[in-house]
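Read off the chains here:
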Amino acid sequence: ELKVEQNPLFLSMQEGKNYTIYCNYSTTSDRLYWYRQDPGKSLESLFVLLSNGAVKQEGRLMASLDTKARLSTLHITAAVHDLSATYFCAGREGAQKLVFGQGTRLTINP
Amino acid sequence: DVKVTQSSRYLVKRTGEKVFLECVQDMDHENMFWYRQDPGLGLRLIYFSYDVKMKEKGDIPEGYSVSREKKERFSLILESASTSQTSMYLCASHGPGGAYNEQFFGPGTRLTVL
């Protein structure tokens, strides 16, 4: 049974700083997803990582995957207030099912 | 763009009522999902469906049932609502195959059971 854990669960940071959100998963998952959720809104897909060593970047966000360590990271560079949101990672179990982490609530202060 | 819509954004019901949550997607996706989202617990899968009239239990199916009579529509039913079912409910869909198979989410229904 796949289990996904994120840390930290809450993160408050200053604008301009760098930080990383970690996503560990318990068993093999052939892909890893990152989603963003703004308050009161639904989930928006950010990245899908398919293979070991995969790295994807969009603006100030960069996601990577290490399948041997069963670890994915979401790195925030020079944070800006607009990135304040809750970020979820999810692994895939079977052909259809996604298993989500608890979410990391990120607050970026001016 | 994929569009997933849910019938209500906010819903208030009384304990014991039968509650229907509707989800419609417009991309001819085979697979549809119902999750509930609670603080600190992330998203938990209630039920999913991989074809019309087909359904599979997720991780927390107790107290819920589903119906999929048409490909584009997936309904979540609370037979007798309880206060423990107060939550945000999210519907999602995805299509077959493809490299990414990401799920697309609806806006959510915040259900309060009094």
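Above this text sits the structure in question.
Remember, it's a predicted structure, so these values are computed and weren't measured experimentally. (Residues numbered from 1 in each chain as written. Chains lettered and ligands numbered in written order. Predicted model: local features only at pLDDT ≥ 70, side-chain atom pairs only at ≥ 80, totals over all residues. Heavy atoms only, no water.)

Trainee: So what's going on with the interface of chain A and chain B? Residues and values would help.
Mentor: Of the residues lining the interface, 21 residues belong to chain A; the matching set on chain B comes to 24 residues. Where chain A abuts chain B, roughly 1800 Å² becomes buried across the two surfaces, and 51% of that area is made up of carbon and sulfur atoms. Between the two partners, chain A and chain B, sit one salt bridge. One salt bridge connects A:Lys97 with B:Asp59, and the closest N-O pair in it is separated by 2.7 Å. At the boundary of chain A and chain B, one finds six residue pairs in polar contact (both at pLDDT 80 or more). Going through the elements one at a time, strand E4 (32–37), strand E5 (43–49), strand E9 (85–93) and strand E10 (97–100) of chain A are the ones with two or more residues in the side of chain A that touches chain B. Residues of the side of chain A that touches chain B, tallied by class, amount to nine nonpolar, seven polar and five charged. (Contact = heavy atoms within 4.5 Å. Buried area = accessible area lost by both parts, 1.4 Å probe. Salt bridge = Lys/Arg side-chain N within 4 Å of Asp/Glu carboxyl O. Polar contact = N/O pair within 3.5 Å; in protein donor to acceptor, adjacent residues only side chain to side chain. Helix = DSSP H or I, 4+ residues; strand = E, 2+ residues; numbered from the N terminus. Nonpolar A, V, L, I, M, F, W, Y, C, P; charged D, E, K, R; others polar.)

Trainee: How would you explain the pairing of E9(A) if you had to name every residue and give the values?
Mentor: Each regular strand shows side chains that alternate between the opposite faces of the sheet. Residues and elements named next belong to chain A. Within E9, eight of the nine residues are buried, which leaves the element mostly enclosed by the surrounding structure. As paired elements, E4 and E9 share six bridges and run antiparallel to each other. If you follow tyrosine 35 over to E9, its bridge partner there is phenylalanine 88. Sheet topology places E9 next to strand E11 (residues 104–109); three bridges connect them, and they run antiparallel. Counterpart to tyrosine 87 in the pairing with E11 is threonine 104. As consecutive antiparallel partners, E9 and E10 are separated by three residues, and within that stretch glycine 94 has a phi angle of approximately 75 degrees, a positive value. (Buried < 20%, exposed > 50% of the residue type's maximum accessible area, 1.4 Å probe, protein only. Pairing = 2+ DSSP bridges.)

Trainee: Describe the nonpolar core, listing the residues and the values that go with them.
Mentor: Among the nonpolar cores identified, the biggest contains 25 residues, and A:Leu32, A:Trp34, A:Leu74 and A:Tyr87 are the most heavily contacted of them. For this core, the elements supplying multiple residues, two or more each, are strand E2 (10–14), strand E3 (19–25), E4, E5, strand E7 (61–66), strand E8 (71–76), E9 and E11 of chain A. If you look at the next biggest cluster of nonpolar residues, it comprises 20 residues, including B:Leu11, B:Val66, B:Leu76 and B:Cys91. (Core = buried A, V, L, I, M, F, W, Y, C linked by side-chain atoms within 4.5 Å.)

Trainee: Lay out the packing of aromatic side chains in plain terms, naming residues and giving numbers.
Mentor: Per the stated rule, a full pass over the model turns up 10 aromatic pairs over all chains. Residues A:Phe100 and B:Phe105 carry aromatic rings whose centres are separated by 6.1 Å and whose planes lie at 80 degrees to one another, so their mutual orientation is edge-to-face. Of this pair, A:Phe100 sits in strand E10 while B:Phe105 sits in strand E10 (residues 104–105), placing the two residues on different chains. Taking the relative accessible area as the measure of exposure, A:Phe100 reaches 6% and is therefore buried. Exposure remark for B:Phe105: the relative accessible area of 10% places this residue in the buried category. Taken together, the ring pairs connect A:Tyr33, A:Tyr35, A:Phe88, A:Phe100, B:Phe33, B:Tyr35, B:Phe48 and B:Phe105 into an aromatic cluster. (Phe/Tyr/Trp six-rings, centres within 6.5 Å; stacked < 30°, edge-to-face > 60°.)

Trainee: Any chance you could break down the layout of surface pockets for me, citing the residues and the numbers?
Mentor: Of the pockets and cavities examined, the largest pocket occupies roughly 560 Å³. Around the largest pocket, the lining comprises 25 residues; the ones closest to its centre are A:Gln37, A:Thr86, A:Arg105, B:Gln37 and B:Pro39. Elements with a minimum of two residues in the lining of the largest pocket: E9 and E11 of chain A together with strand E4 (31–38) of chain B. The leading source of residues in the lining of the largest pocket is E11(A), at four residues. Here the lining of the largest pocket is built from residues that sort into nine nonpolar, 11 polar and five charged. Quantified by volume, the second largest pocket comes out at close to 320 Å³. Lining the second largest pocket are 18 residues, with A:Leu2, A:Lys3, A:Val4, A:Val99 and A:Phe100 positioned closest to its centre. Those elements that place two or more of their residues in the lining of the second largest pocket are strand E1 (4–7) and E10 of chain A together with strand E5 (42–51) of chain B. Broken down by element, the residue count for the lining of the second largest pocket peaks at four residues, all from E10(A). (1 Å grid on protein atoms, 1.4 Å probe; cavity = no way out; pocket = protein on both sides within 12 Å on 5 of 7 lines; lining within 4 Å. Points joined across faces, edges and corners; volume = space filled by probe spheres on them.)

Trainee: Before we move on, can you summarise the sheet that holds strand E3 (residues 19–25) of chain B with the specific residues and values?
Mentor: Residues and elements named next belong to chain B. Judged by pairing direction, the sheet is antiparallel, and its four strands sit side by side in the order E1-E3-E8-E7 without closing on themselves. Whereas interior strands pair on both sides, the edge strands pair on one side only; in this sheet they are strand E1 (4–6) and strand E7 (64–70). Shown here is a sheet whose adjacent strand axes are inclined to one another by a mean of 20 degrees, direction ignored. (Axes fitted to C-alpha atoms, helices over the stretch in contact; angles between N-to-C directions.)

Trainee: So what's going on with the state of the cysteines? Which residues, and what values?
Mentor: Taken as a whole and assessed by the stated rule, the structure comprises two disulfides over all chains. Linked covalently through their sulfurs, A:Cys23 and A:Cys89 form a disulfide whose S-S length is 2.0 Å. Looking along the S-S bond of the A:Cys23-A:Cys89 disulfide, the torsion reads about 85 degrees, which is the right-handed sense. Remark: A:Cys89 occurs in strand E9 and A:Cys23 occurs in strand E3; sequence separation between them is 66 residues. Each sulfur of the disulfide joining B:Cys23 and B:Cys91 lies 1.9 Å from the other. Taking the sign of the S-S torsion, about -75 degrees here, the bridge from B:Cys23 to B:Cys91 comes out left-handed. Here B:Cys23 is found in strand E3, whereas its partner B:Cys91 is found in strand E9 (residues 87–94), with 68 residues between them in sequence. (Disulfide = S-S within 2.5 Å.)

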